[in-house]
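Observations on chain architecture
What follows is the residue order along each chain.
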Amino acid sequence: MAAVFLKTHKRTIYKHLLTLIWTRGTVRHGSVGSGRIEKVLIANRGEIACRVMRTAKRIGLRSVAVYSDADRHSMHTAMADEAYHIGPAASQQSYLCMDKILEVARKSKAQFAELCKQEGIIFIGPPSSAIRDMGIKSTSKHIMSAAGVPIIEGYHGEDQSDTKLQSEAARIGYPVMIKAVRGGGGKGMRIARTEAEFHEQLESARREALKSFNDDVMLIEKFVENPRDCSVQRRHQKIIEEAPGPGISAEVRQKLGEAAVRAAKAVNYVGAGTVEFIMDAQHNFFFMEMNTRLQVEHPVSEMITGTDLVEWQLRVAAGERLPLTQEQIVLSGHSFEARIYAEDPNNNFLPGAGPLLHLSTPAADQNTRIETGVRQGDEVSAHYDPMIAKLVVWGEDRSAALKKLRYCLRQYNIVGLNTNIDFLLSLSGHAEFEAGNVHTSFIAQHHSELFPEAKRPSDEELCQAALALILREKHDTQQFRNSSSDVFSPFASSNGRRLNVLQSRSMTLQLGDNKVEISITYNPDGSYSMQTRDGLFHVSGELQHEGDVTFLCCSVSGVLSRPKIVLLDNTVHIFSMEGSAQVEVPVPKFLAGVSGSGTQGGAVAPMTGTIEKVLVKTGDVVQKGDPLMVMIAMKMEHTIRAPKAGVIKKVFFREGTQASRHAALVEMEEEEEASME
């Protein structure tokens with residue numbers, strides 16, 4: 001088993017890492033590979049493609065990228081030594097198209113690994129037989145059971161009729177997990193807590209699985225309530241992972257490792273893989289699945305072991321032995337990985353898409369890693385997973401690592417779309433999380449504390465916003481004066497100087513739906529007196545620029561601070577170690593754009609996506625919360641529900657059509673209005 005290396009976790013998010021290799025000499029399948037590797041093709045996108053490229057460059061390998069129409073200007077395309085276009089934005093027509101990837105390899109999945117072998121190309125990964133056996137959950141359960149690896153009770157049979165699946169769910173006992181046999185990334189997974197909701201959840205899981213994996217075969221398993229975990233999840237996807245897993249003894253960890261090795265031996269596994277178990281409150285664990293690839297959260301394992309698992313993959317594929325044995329690997333310290341997503345936690349973690357108008361991050365160092373595939377100015381595409389980055393930190397113990405995580409999250413600032421950063425801060429600061437009481441239902445259990453009411457910006461932050469706007473006025477006026485033929489023009493001055501009187505002005509700021517007035521007096525020394533509703537503040541400061549980042553070095557009534565400032569259009573974004581705030585300047589009505597149609601009398605698309613199913617027709621009576629349509633976006637299925645009770649007056653989209661963000665989907669009217677027509 002010299003060529004097998006494993007990382008053990010208990011739950012997962014799925015994202016395929018598929019790589020190819022060229023060499024100058026004789027080449028073989030990576031599982032039994034030998035020969036000198038010269039170039040690596042990375043058949044993926046985003047942050048994981050960039051992660052592999054960094055290691056490839058460090059050890060002297062040329063990297064080749066593939067890209068879709070949506071990724072023509074992406075970070076992974078720019079980082080590669082070579083890049084090849086492979087098709088339109090849809091994954092099924094580009095990144096998941098084996099023939100196109102293989103064609104690039106000439107100038108993953110089991111079939112892909114087999115094709116590589118036939119073409120004389122090293123596939124960095126396990127044998128195709130192992131991918132085939134472990135890639136289908138029902139098959140893997142049978143193999144694991146025969147190998148003596150404990151499995152959870154469930155149905156993994158071929159009869160996929162609704163009647164059979166529902167009868168098996170009743171036999172197992174509710175609640176049950178409905179899971180796609182080829183699933184991953186939380187897709188094709190639904191929980192049915194009662195028999196009444198089983199059919200609806202089954203159909204939803206099937207549709208999503210068919211879209212994501214081109215296979216809607218399902219298995220049914222007993223759902224384990226509140227399993228222990230090394231992560232916190234939403235939508236069956238991890239958002240914070242850590243290593244080592246809290247509360248797991250060395251004895252249990254040893255048993256997990258031994259079971260993982262038995263699982264690998266059962267399928268003659270070679271290379272990097274992840275064996276996943278689910279663990280109950282009594283530390284009984286059961287096999288869930290084996291991901292035949294490097295895991296998304298592999299950085300936490302690297303941080304506590306001092307290894308580079310991507311480099312190990314490359315060396316094993318070239319026929320080299322592993323640099324260390326299991327006995328030589330020593331766990332040191334603690335590591336957290338927080339996944340930063342474009343999503344709205346306050347709207348059921350609805351995925352988002354759009355431009356990264358501002359992006360600034362903490363500085364990377366030996367104890368801080370930022371795994372990302374985007375830069376400022378890039379767009380988070382509606383076609384792919386909305387993850388922006390993985391923030392990975394290390395500390396001498398769990399407490400130190402958690403403190404480092406929160407410190408770095410404060411420095412991760414994004415403008416342009418909703419993110420989960422504030423939620424990650426709330427989560428990582430929760431007392432139960434700090435105590436290590438982590439399980440997969442953590443968010444649901446502590447929902448009220450994790451979603452506090454939004455705080456109004458403080459008066460000090462209002463003064464900072466007003467100061468930033470004044471300083472921008474001064475900068476714009478200075479630029480005007482420099483380009484003007486009359487530098488002494490009164491229009492080329494903004495210092496507020498008046499004869500025998502101090503200049504005063506009123507500034508109106510907007511906080512949500514409320515307007516706030518600030519009375520500002522320009523003082524002779526260049527400072528300002530700002531009167532808010534609750535007090536008088538003496539304010540001074542200047543804008544300081546460091547690269548693409550602007551800081552406001554200021555004093556508010558003697559308290560010095562240096563928040564990060566982002567001024568975009570009519571909005572001031574303030575970021576500091578105490579938190580963030582957003583203050584707007586009201587736009588006059590004659591300049592304001594017309595609001596999106598349909599927002600007052602129907603339902604709108606929360607994001608760009610494809611209408612998978614239309615559940616209503618003109619004339620239908622619906623209640624608030626009734627499902628109207630099913631939309632596929634970000635590779636996930638989203639149910640659009642009625643915002644109020646009423647009658648469907650018009651349906652604007654058919655099944656299979658594309659709807660843009662904020663597009664009106666249906667028009668509704670009150671039942672009384674409909675009866676009068």
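It should be noted that the structure appears before, not after, this text.
Analysis parameters
- Going along each chain's sequence as written, the residues are numbered from 1 onward.
- Side-chain atom pairs in this predicted model are given and counted only at pLDDT of 80 or more, local residue features only at pLDDT of at least 70, and totals for whole chains, interfaces and linings cover all residues.
- With hydrogens and water excluded, all non-hydrogen atoms of the structure serve as input to the side-chain values.
- Lines fitted to the C-alpha atoms define the axes, with helices restricted to the stretch that makes contact. Angles between their N-to-C directions range from 0 to 180 degrees.
- Under the scheme used here, helices are H or I runs from DSSP no shorter than 4 residues and strands are E runs no shorter than 2 residues, and both carry numbers assigned from the N terminus.
- An angle counts as roughly parallel when it lies under 35 degrees, as roughly antiparallel when it exceeds 145, as roughly perpendicular when it falls between 65 and 115, and as oblique in every other case.
- What makes two residues a contact is simply this: any of their non-hydrogen atoms within 4.5 Å.
- Classification convention: Asp, Glu, Lys, Arg as charged; Ala, Val, Leu, Ile, Met, Phe, Trp, Tyr, Cys, Pro as nonpolar; all other residues, Gly among them, as polar.
- Residue count minus one, scaled by 1.5 Å, sets the expected span of a helix.
- For each residue, the accessible area found with a 1.4 Å probe, counting protein chains only, is set against the maximum for its type, and the residue is called buried under 20%, exposed over 50%, and partly exposed in between.
- Note that the arc is computed from the directions linking the helix axis to the C-beta atoms.
- Counted as a polar contact is a pair of N or O atoms within 3.5 Å, where, for protein atoms, one must be capable of donating a hydrogen and the other of accepting one, and residues adjacent in sequence contribute only when both atoms are in side chains.
- In these notes, a set of buried Ala, Val, Leu, Ile, Met, Phe, Trp, Tyr and Cys residues joined through side-chain atoms within 4.5 Å is what counts as a nonpolar core.
- Take the far helix as the reference: if the near one is turned anticlockwise from it by less than a right angle, the crossing is left-handed, and if turned clockwise, right-handed.
- Pairing between strands requires that DSSP locate at least two bridges from one strand to the other.
- What counts as a ring pair is set by centres within 6.5 Å for rings of Phe, Tyr and Trp (its six-membered ring), and what kind of pair is set by the plane angle: stacked under 30 degrees, edge-to-face over 60, tilted for all other angles.
- Charges are assigned to positions over rings by a cutoff of 6 Å between ring centre and Lys NZ or Arg CZ, combined with an angular limit of 35 degrees from the ring normal.

Overview of the packing of helix H5 (residues 128-135) against helix H6 (residues 137-146)
Packing of H5 against H6 brings their axes to within 5 Å, and their N-to-C directions diverge by 100°. Compared by their axis directions, H5 and H6 come out roughly perpendicular. When H5 is examined against H6, the residues Asp133, Met134 and Gly135 are found in contact with a partner set consisting of Lys137, Thr139, Ser140, Ile143 and Met144. Looking at the contact of H5 with H6 residue by residue, the classes come out as three nonpolar, three polar and two charged.

Concerning helix H12 (residues 398-410)
Over its 13 residues, H12 extends 19 Å from the first C-alpha to the last, a length consistent with the 18 Å expected when each residue adds 1.5 Å. All of the buried residues along H12 are Arg398, Ala401, Leu402, Leu405, Cys408 and Leu409. Projected onto a plane normal to the axis of H12, the buried residues spread over an arc of 130° and lie on a single side. Relative to its buried face, H12 has exposed residues pointing more than 90 degrees away, namely Ser399 and Lys403. In this structure, the buried residues of H12 make contact with strand E12 (237-243), strand E15 (334-341), strand E20 (368-372), strand E22 (387-395), helix H13 (421-428) and helix H14 (431-434). Among the residues of H12, the N-terminal cap falls to Asp397, whose side-chain oxygen and the backbone nitrogen of Ser399 are separated by 3.3 Å.

Notes on the environment of Gly245
Here Gly245 lies in the loop between E12 and helix H9 (250-266). When the C-alpha atoms of Gly245 and His334 are compared, they prove to be 9.2 Å apart, with 89 residues separating the residues in sequence. In contact with Gly245, not counting residues within four places along its chain, are Cys230 and Arg253.

Looking at the nonpolar core
Core analysis: the biggest nonpolar cluster contains 38 residues, and Ile388, Leu405, Ile414, Leu427 and Phe433 have the highest contact counts within it. Those elements that provide at least two residues to this core are E12, E15, E22, H12, H13 and helix H15 (442-445). Setting aside chain neighbours within four positions, we find Phe433 in contact with Val232, Ile240, Glu242, Phe336, Arg398, Leu402, Leu427, Ser428, Val438 and Phe442. By size, the runner-up hydrophobic cluster in this structure holds 28 residues, among which are Leu462, Leu467, Ile518 and Ile565.

Here we look at the packing of helix H1 (residues 46-58) against helix H11 (residues 309-317)
Running from N to C, H1 and H11 point in directions that differ by 65°, and their axes come no closer than 9 Å. In this structure, H1 meets H11 at a crossing whose hand is right-handed. Of the residues in H11, those touching H1 at Arg51, Val52, Thr55 and Arg58 are Leu309, Val310, Glu311 and Leu314. When the residues that make up the contact of H1 with H11 are grouped by side-chain class, the tally is four nonpolar, one polar and three charged.

Remarks on the pairing of strand E40 (residues 664-669)
E40 sits mainly inside the fold: five of its six residues count as buried. Taken together, the three bridges between strand E33 (residues 602-604) and E40 define a ladder with antiparallel strand orientation. Considered in E40, the bridge of Val604 is made with Ala664. In terms of strand pairing, strand E38 (residues 646-651) meets E40 through four bridges, oriented antiparallel. Pairing of Val651 across the sheet is with Val666, part of E40.

Here we look at the sheet that holds E33
With antiparallel pairing, the four strands of this open sheet are ordered in space as E33-E40-E38-E35. Both edges of this open sheet fall to E33 and strand E35 (621-622), since each of them pairs with a single strand only.

Some details on the pairing of strand E8 (residues 176-184)
Counting buried positions along E8 gives eight out of nine residues, so the element sits mostly inside the fold. Looking at chain direction, E8 and strand E9 (residues 187-192) are connected through five bridges and run antiparallel. Of the residues in E9, the one forming a bridge with Val176 is Ala192. Examined bridge by bridge, E8 and strand E10 (residues 218-222) share five bridges and lie antiparallel to one another. Residue pairing across strands places Val176 opposite Lys222, the latter belonging to E10.

As for the packing of aromatic side chains
Under the defined criterion, the tally for this structure stands at ten aromatic pairs. A centroid spacing of 6.4 Å and a plane angle of 80° characterise the contact between Phe277 and Phe287, whose relative ring orientation is edge-to-face. With Phe277 in strand E13 (residues 271-279) and Phe287 in strand E14 (residues 285-291), this residue pair connects regions lying ten residues apart in the sequence. Note on accessibility: Phe277 and Phe287 belong to one class, buried. Aromatic ring contacts, followed pair by pair, group Phe277, Phe285 and Phe287 into a single cluster. Sitting above the plane of the Phe433 ring, Arg398 keeps its charged end 5.3 Å from the centroid. Here the guanidinium or amino end of Arg562 rests over the ring plane of Phe551, the centre of that ring lying 4.0 Å away.

As for the sheet that holds strand E37 (residues 636-641)
Strand order across the open sheet formed by four strands is E37-E36-E34-E39, with antiparallel pairing between neighbours. Lying at the two open borders of the sheet, with one neighbouring strand each, are E37 and strand E39 (658-659). The pairing of strand E36 (residues 627-633) with E37 spans six bridges and is classified as antiparallel. Each residue of the ladder has a partner; that of Val630, found in E37, is Thr639.

Overview of unusual backbone geometry
Put simply, Tyr174 and Pro175 share a cis peptide bond, and its omega is 0°. Its location among the elements puts Pro175 in the loop between helix H7 (162-172) and E8. Of note, the bond from Ala243 into Pro244 is cis; its omega dihedral lies within 30 degrees of zero at -5°. Mapped onto the elements of the fold, Pro244 is located in the loop between E12 and H9. Although it is not a glycine, His283 adopts a positive phi angle of roughly 70°. Assignment of secondary structure puts His283 in the loop between E13 and E14. Here His283 falls in the partly exposed class, since its relative accessible area comes to 23%. Its identity as a non-glycine residue notwithstanding, Asn348 has a phi of 55°, on the positive side. Of note, Asn348 is situated in the loop between strand E16 (343-344) and strand E17 (350-351).

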